[in-house]
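Each chain, written out:
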Amino acid sequence: VRVVESGGGQVQAGDSLRLSCAASGVTFGLYSVGWFRQAQGKEREFVAAISPALGNQAYSNSVKGRFTVARDNAMNRGDLQMSSLKPDDTAIYYCALGHGPENSRERDYQYWGQGTQVTVSS
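As a further point, take the overall build of the protein. The secondary structure content of the protein amounts to 0 helices and 11 strands. In sequence order, the protein lays out its α and β elements as β-β-β-β-β-β-β-β-β-β-β. With the principal axes as the frame, the protein shows a C-alpha extent of 40 × 25 × 25 Å. Relative to its full complement of 122 residues, the protein shows a buried share of 43%. Residue pairs at least 24 apart in sequence account for 59% of intrachain contacts in the protein once pairs closer than 6 positions are excluded. Per element, the accessible surface of the protein, about 6200 Å² overall, is 45% carbon and sulfur. Averaging the positions of the 12 positive and the 11 negative side-chain charges in the protein gives two centres separated by 1 Å.

Take a look at the structure:
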């Protein structure tokens, strides 16, 4: 199983960025896609998730209204569209796949990518 994030980079506050997550070696449509992030010196935290079939979405309060999670089961891909980025959004962003609904707990996710760095400058 392979999970690979892409799309990270350095942007200015207020900009937008789209992260993608490509999965292989799994039946992608059976897994929820979760996005987590870890800022330097902090614990990893939940950002957003989308369920496998119905596409139900969940967001942390800190990103609700600014980030949108999506998936394309035919392409085995998940996306995280980030808008109105803030310096506090600076972190390594991880994509994860898990059985079950759009959970916010790390332990509910079985497969993880290596992460992609997002840096937002003021």
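That was the structure; now back to the text.
Our next topic: the layout of surface pockets. Here the largest pocket defines a volume of roughly 170 Å³. Lining the largest pocket, in full, are R37, Q38, A39, K42, E43, E45, P87, D88 and T90. A per-class count over the lining of the largest pocket returns 2 nonpolar, 2 polar and 5 charged.

Another aspect to go through is the packing of aromatic side chains. The full count for this structure, using the stated rule, is 5 aromatic pairs. Look at F36 and F46: their rings are 5.7 Å apart centre to centre, the planes differ by 70°, and that puts the pair in the edge-to-face class. Pair noted here: F36 is in strand β4 (residues 32–38) and F46 is in strand β5 (residues 45–50), with a separation of 10 residues, a long-range link. F46 gets classed as buried once you look at its relative accessible area, which sits at 14%. When the centroid spacing of 5.3 Å and the interplanar angle of 80° are considered together, the rings of F36 and Y109 count as edge-to-face. Of the two residues, F36 sits in strand β4 while Y109 sits in the loop between β9 (91–98) and β10 (111–112), which places them 73 residues apart along the sequence. We classify F36 as buried; its relative accessible area is 0%. Linked through ring pairs, F36, F46, Y109 and W112 together constitute an aromatic cluster. Sitting above the plane of the Y94 ring, R44 keeps its charged end 4.7 Å from the centroid. Over the aromatic face of W112 sits the side chain of R44, whose NZ or CZ is 4.0 Å from the ring centroid.

Here is what the cut-offs are and how they apply
- Residues numbered from 1 in each chain as written.
- Predicted model: local features only at pLDDT ≥ 70, side-chain atom pairs only at ≥ 80, totals over all residues.
- Heavy atoms only, no water.
- Helix = DSSP H or I, 4+ residues; strand = E, 2+ residues; numbered from the N terminus.
- Buried < 20%, exposed > 50% of the residue type's maximum accessible area, 1.4 Å probe, protein only.
- Contact = heavy atoms within 4.5 Å.
- Areas by Shrake-Rupley, 256 points an atom, 1.4 Å probe, with all protein chains shown as cover.
- Lys, Arg positive; Asp, Glu negative; His and termini not counted.
- Charge placed at Lys NZ, Arg CZ, Asp CG, Glu CD.
- 1 Å grid on protein atoms, 1.4 Å probe; cavity = no way out; pocket = protein on both sides within 12 Å on 5 of 7 lines; lining within 4 Å.
- Points joined across faces, edges and corners; volume = space filled by probe spheres on them.
- Nonpolar A, V, L, I, M, F, W, Y, C, P; charged D, E, K, R; others polar.
- Phe/Tyr/Trp six-rings, centres within 6.5 Å; stacked < 30°, edge-to-face > 60°.
- Lys NZ or Arg CZ within 6 Å of the ring centre and 35° of its normal.

Bear in mind that shape data such as this cannot, by itself, settle questions of function.
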